[in-house]
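For reference, the chains in residue letters:
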Amino acid sequence: MGLTDWQIEDKIMEIEKKKGAEVKLSRQSLSHLPNVFGGLSMLTKLFLYGNQLTDLPSSLAQCPLKELNLGNNKFTSVPSVVCSLSQLEELWLDDNQIRGLSDGLSNLSMLKRLVLSGNQLQTLPGHVFRGMKFLSTLLADRNQISSIGDDIHTLQEMKKLDLRSNQLTSIPMSICRLVHLELLVLSSNRLTTIPKEIRNLVSIQVLYLNSNTICSVPAELGDLKSLTKLALQNNALTQLPAELELEWFDGNRVCNDEKIPEVVKACNGRLEICLQGNTFSPYDELSLTPLSQQLIKKMRRA
C-alpha cells in the first residue's frame, strides 16, 4: 500500500520545516506525486527509485535539485520537467522503459552523471549531449543501442562510459576522440573489429571488449601507455600482435582455451589481458614475446 497524497505532503512539509535538503520516497508504490514542490527552496536531492511513476509534477522545476533518482519506475520518456532542472548534477533514469531521449536534456549544462541503463534506447543522439560540458560518467548499458551520434566526442570531461549489452557492430570514431576517457565498457555487443583509432584514447586505463566476435586486435593497443587491464575473453581471436609482448609461453602444449591462464601479462608487465574463451593457433609466434619465439625455434631445430 503506497502513501496517500496527504501523507506525501505531510512528509515534504516536515522536511521543509527542518530545512532539509533531501526527500526520500523510494519503494513506496507511488503512481503519481502531488504538485507541492514549489516552496522547497532547500531541496537538492530527491530519491524516487522503485515506484510506478510515469510523469512528474511541474512544480519540481522550482526546486534547486542537484541529484534526482528516477530509477526503476515506468517512464517511457524523459519527463519534461527534468529538462528544466538547470542545476542538476546527477540524473538516474535506469530500469525504466524509455525509448528515446529528449532534445531538452541538452539544457542540463551542470550534469556530471547520467544513468540510462536498462531501458529501450536504440540510439544515443549526439546533439542531446552538446550542452553537457561537465558530464564525466555515462551509463547506457542494457539497452538496444546500435548507433551513437558524432557529437558525443564533445564530452571532453568523460571518464567513464558503459555501453555493455547493446547492439553495436563497431566502435564509433566519436568514442575514440574522448581523450580523457579512463574506463570504456563494450562487453556483450556485436563487435567484430577494433579500429586503429583506439590509440587516441590516451587516458584509458580499463577496456572491456569481452563477449563479442572480435577476430583480430590492432597493434595500436600497445600504444596505450595508461592501459592496465584489457578484457578480451569470449571472442573469436586466434592470434595477437607481437607489439603487445605477451609474457606467456607453453612449449609443450597447444595453447587452447583450457590452457590459457586467467590473466596474461603484456607490455613489460604493465598490462593484464584476459583471453579465456578464445581459440589460439598452436605455437602462434605472433602472440608470443621475442624470447618465446626464440625458444620455439630452438625446439623445432632440436
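It should be emphasised that the depicted structure is a prediction, and the values quoted were computed from it without experimental measurement.

1. Regarding the overall build of the protein
- Along its length, the protein carries 2 helices and 14 strands.
- Across the 302 residues in the protein, those meeting the buried criterion constitute 47%.
- Entry remark: accessible area of the protein is about 14000 Å², with carbon and sulfur atoms responsible for 46%.

2. Details of the pairing of strand 14 (residues 271-274)
- Across 3 bridges, strand 12 (residues 229-231) lies against strand 14 in parallel orientation. Counted as the bridge partner of Leu-230 is Ile-273 from strand 14.
- Strand direction decides the pairing type here: strand 13 (residues 264-266) and strand 14, joined by 3 bridges, are antiparallel. Bridge assignment links Ala-266 to a residue of strand 14, and that residue is Leu-271.
- Adjacent in sequence and paired antiparallel, strand 13 and strand 14 are bridged by 4 residues, among which Cys-267 carries a positive phi angle near 50°.

3. Section: the pattern of salt bridges
- In the structure shown here, the tally under the stated rule is 9 salt bridges.
- The partner of Asp-151 in a salt bridge is Arg-130, and the shortest N-O contact between them spans 2.6 Å. In this pair, Asp-151 is assigned in the loop between strand 8 (147-148) and strand 9 (160-162) and Arg-130 in the loop between strand 6 (123-124) and strand 7 (137-139), connecting sequence segments 21 residues apart.
- According to the relative accessible area criterion, Arg-130 is exposed, its value standing at 57%.
- Within the structure, one salt-bridge network assembled from shared partners comprises Asp-95, Asp-141, Arg-142, Asp-162 and Arg-164.

4. Considerations on the side chain of Ser-187
- With respect to the secondary-structure elements, Ser-187 resides in the loop between strand 10 (183-185) and strand 11 (206-208).
- Judged by its relative accessible area of 7%, Ser-187 is buried.
- Aside from chain neighbours lying at most four places away, what touches Ser-187 is Arg-164, Ser-165, Tyr-208, Leu-209, Asn-210 and Asn-212.

5. Some details on the confidence of the model for the protein
- Scored by pLDDT, the protein comes out at a mean of 86, with 85% of its residues at no less than 70.
- Counting contacts from residues 249-258, a segment whose pLDDT is below 50, to residues more than four positions away or on other chains yields 20 contacts.
- Low pLDDT, under 50, characterises residues 283-302; the predicted model gives this stretch 33 contacts beyond four residues in sequence or across chains.

6. Quick look at the sheet that holds strand 4 (residues 90-92)
- Read across the sheet, 12 strands follow the order 1-2-3-4-5-7-9-10-11-12-14-13 without closing on themselves; strand pairing throughout is mixed. Two strands in the sheet have a free side with no partner beyond their single neighbour: strand 1 (22-24) and strand 13. Shown here is a sheet whose adjacent strand axes are inclined to one another by a mean of 10°, direction ignored.
- Where strand 3 (residues 67-69) and strand 4 come together, 3 bridges link them in parallel fashion. Within the sheet, the bridge partner assigned to Asn-69 lies in strand 4 and is Trp-92.

7. A few points about the side chain of Asn-119
- Residue placement: Asn-119 occurs in the loop between strand 5 (113-115) and strand 6.
- Within the local environment of Asn-119, its side chain forms a polar contact with the backbone nitrogen of Gln-97, the two atoms lying 3.3 Å apart.
- Dropping the residues within four chain positions of it, Asn-119 is found in contact with Leu-93, Asp-94, Asp-95, Asn-96, Gln-97, Ile-98, Arg-142 and Asn-143.

8. Points about a negative patch on the surface
- Taken together, Asp-223, Glu-243, Glu-245 and Glu-247 make up a surface patch of like negative charges.
- When you line up the elements, Glu-247 lands in the loop between strand 12 and strand 13.
- A relative accessible area of 46% places Glu-247 in the partly exposed class.

Thresholds applied
Residues numbered from 1 in each chain as written. Predicted model: local features only at pLDDT ≥ 70, side-chain atom pairs only at ≥ 80, totals over all residues. Heavy atoms only, no water. Helix = DSSP H or I, 4+ residues; strand = E, 2+ residues; numbered from the N terminus. Buried < 20%, exposed > 50% of the residue type's maximum accessible area, 1.4 Å probe, protein only. Areas by Shrake-Rupley, 256 points an atom, 1.4 Å probe, with all protein chains shown as cover. Pairing = 2+ DSSP bridges. Salt bridge = Lys/Arg side-chain N within 4 Å of Asp/Glu carboxyl O. Contact = heavy atoms within 4.5 Å. pLDDT = per-residue confidence, 0-100. Axes fitted to C-alpha atoms, helices over the stretch in contact; angles between N-to-C directions. Polar contact = N/O pair within 3.5 Å; in protein donor to acceptor, adjacent residues only side chain to side chain. Patch = residues over 30% accessible without salt bridge, like charges linked within 9 Å, V, L, I, M, F, W, Y side chains within 5 Å. Lys, Arg positive; Asp, Glu negative; His and termini not counted. Charge placed at Lys NZ, Arg CZ, Asp CG, Glu CD.

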